[in-house]
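# Secondary and tertiary structure notes
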Amino acid sequence: MKKALVVLSGGQDSTTCLFWAIDRFGGDNVAAVGFNYGQRHKAELECAADICRAAGIEYEVIDTPIINQLSANSLTREDIPVEKTKPEGAPPNTFVEGRNLLFLSYAAIYAKTHGMTELVTGVCETDFSGYPDCRDMFIKSLNVTINLAMDYNFVIHTPLMWLTKADTWELADKLGALDIIYRDTLTCYNGIKGSGCGNCPACFLRRRGYEEFMARKDK
């Protein structure tokens with residue numbers, strides 16, 4: 001059986017991917033990694049660790065402080081407020097330059113040394129916030145690059161790539177993880193677990209998707 005490594009932040013999307021991986025590959029063949037990159041709200045890593053502990057999944061945090069050293073953004077700097085609207089023609093100031101590029105590269109190194117070939121990430125092009133490193137084209141390109149660089153046959157899985165937030169909630173429900181993801185994940189840019197602050201862009205997308213999913217479910 002193939003072994004999978006999930007890039008797990010402790011948020012809604014990556015946690016949904018964790019349960020997707022468990023369903024697809026079996027819990028004994030899944031592990032997860034998170035990254036401490038100087039983010040303002042390290043409580044997300046605690047959420048990820050708690051979720052993995054409850055699910056019986058091995059979870060390891062990798063320190064990547066270089067990201068915080070090189071990139072100034074509202075997710076790593078307390079003196080930069082989170083923008084509620086995205087500037088025209090540019091990513092929002094919550095975009096952490098190169099984050100997914102580095103995370104997946106580090107995850108690949110970890111995976112190869114542990115005999116894993118399947119990498120799972122929660123990036124999404126449908127409901128994304130304007131982040132260029134969440135695009136399908138980037139993931140496909142990186143998959144080729146990593147395989148060439150490491151002479152290893154990785155497959156990067158993106159279960160949410162073409163799903164809306166409502167679809168993601170529906171997938172969580174099908175996987176039997178809806179309550180866990182609603183209650184125990186941290187998506188909020190202001191560091192509030194569960195339903196969050198209700199005002200930041202991440203909370204807006206999460207709440208709107210949940211409401212759409214519940215309306216769909218009630219029909």
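Residues numbered from 1 in each chain as written. Predicted model: local features only at pLDDT ≥ 70, side-chain atom pairs only at ≥ 80, totals over all residues. Heavy atoms only, no water.

### Here's the deal with the sheet that holds strand β4 (residues 118-120)
Neighbouring strands of a sheet are bound in pairs by backbone hydrogen bonds; such pairs are parallel or else antiparallel. Across the sheet, which stays open at both edges, the five strands sit in the order β3-β2-β1-β4-β5 with parallel pairing between neighbours. Both edges of this open sheet fall to β3 (58-63) and β5 (155-157), since each of them pairs with a single strand only. Averaged over all adjacent pairs, the angle separating strand axes in this sheet is 25 degrees, with direction ignored. Here β4 pairs with β5 via three bridges, running parallel. Bridge pairing in β5 links Glu 118 to Val 155. Together, β2 (30-36) and β3 form the strand contacts of helix α2 (residues 43-55), whose direction differs from that of β3 by roughly 160 degrees. (Pairing = 2+ DSSP bridges. Helix = DSSP H or I, 4+ residues; strand = E, 2+ residues; numbered from the N terminus. Axes fitted to C-alpha atoms, helices over the stretch in contact; angles between N-to-C directions. Contact = heavy atoms within 4.5 Å.)

### Regarding the packing of helix α4 (residues 99-113) against helix α5 (residues 136-150)
Viewed as axis vectors pointing N to C, α4 and α5 meet at an angle of 40 degrees, and their least axial separation amounts to 11 Å. If you check the angle between α4 and α5, you find them oblique. Here α4 and α5 pass one another in a crossing that is right-handed. Here Asn 100, Leu 101, Leu 104, Ser 105, Ala 108, Ile 109 and Lys 112 of α4 come into contact with α5, specifically with Phe 138, Ile 139, Leu 142, Ile 146 and Met 150. In the contact of α4 with α5, the residues fall into nine nonpolar, two polar and one charged. (Parallel < 35°, antiparallel > 145°, perpendicular 65-115°, else oblique. Left-handed = near helix turned anticlockwise from the far one by under 90°. Nonpolar A, V, L, I, M, F, W, Y, C, P; charged D, E, K, R; others polar.)

### Thoughts on the environment of Asp 133
Its location among the elements puts Asp 133 in the loop between β4 and α5. Residue Asp 133 is classed as buried on the basis of its relative accessible area of 9%. Sequence separation between Asp 133 and Asn 100 is 33 residues, and the spatial gap between their C-alpha atoms is 6.1 Å. (Buried < 20%, exposed > 50% of the residue type's maximum accessible area, 1.4 Å probe, protein only.)

### Structural notes on helix α1 (residues 12-25)
Here α1 contains 14 residues, and its C-alpha end-to-end distance of 20 Å stays within 8% of the 20 Å for a straight helix at 1.5 Å per residue. For α1, the tally of buried residues reaches eleven of 14 residues, placing the bulk of the element in the interior. Taken as a whole, α1 has its buried residues at Gln 12, Asp 13, Ser 14, Thr 15, Thr 16, Cys 17, Leu 18, Phe 19, Trp 20, Ala 21 and Phe 25. At the C-terminal side of α1, Gly 26 shows a positive phi close to 90 degrees. (Expected span 1.5 Å × (residues − 1).)

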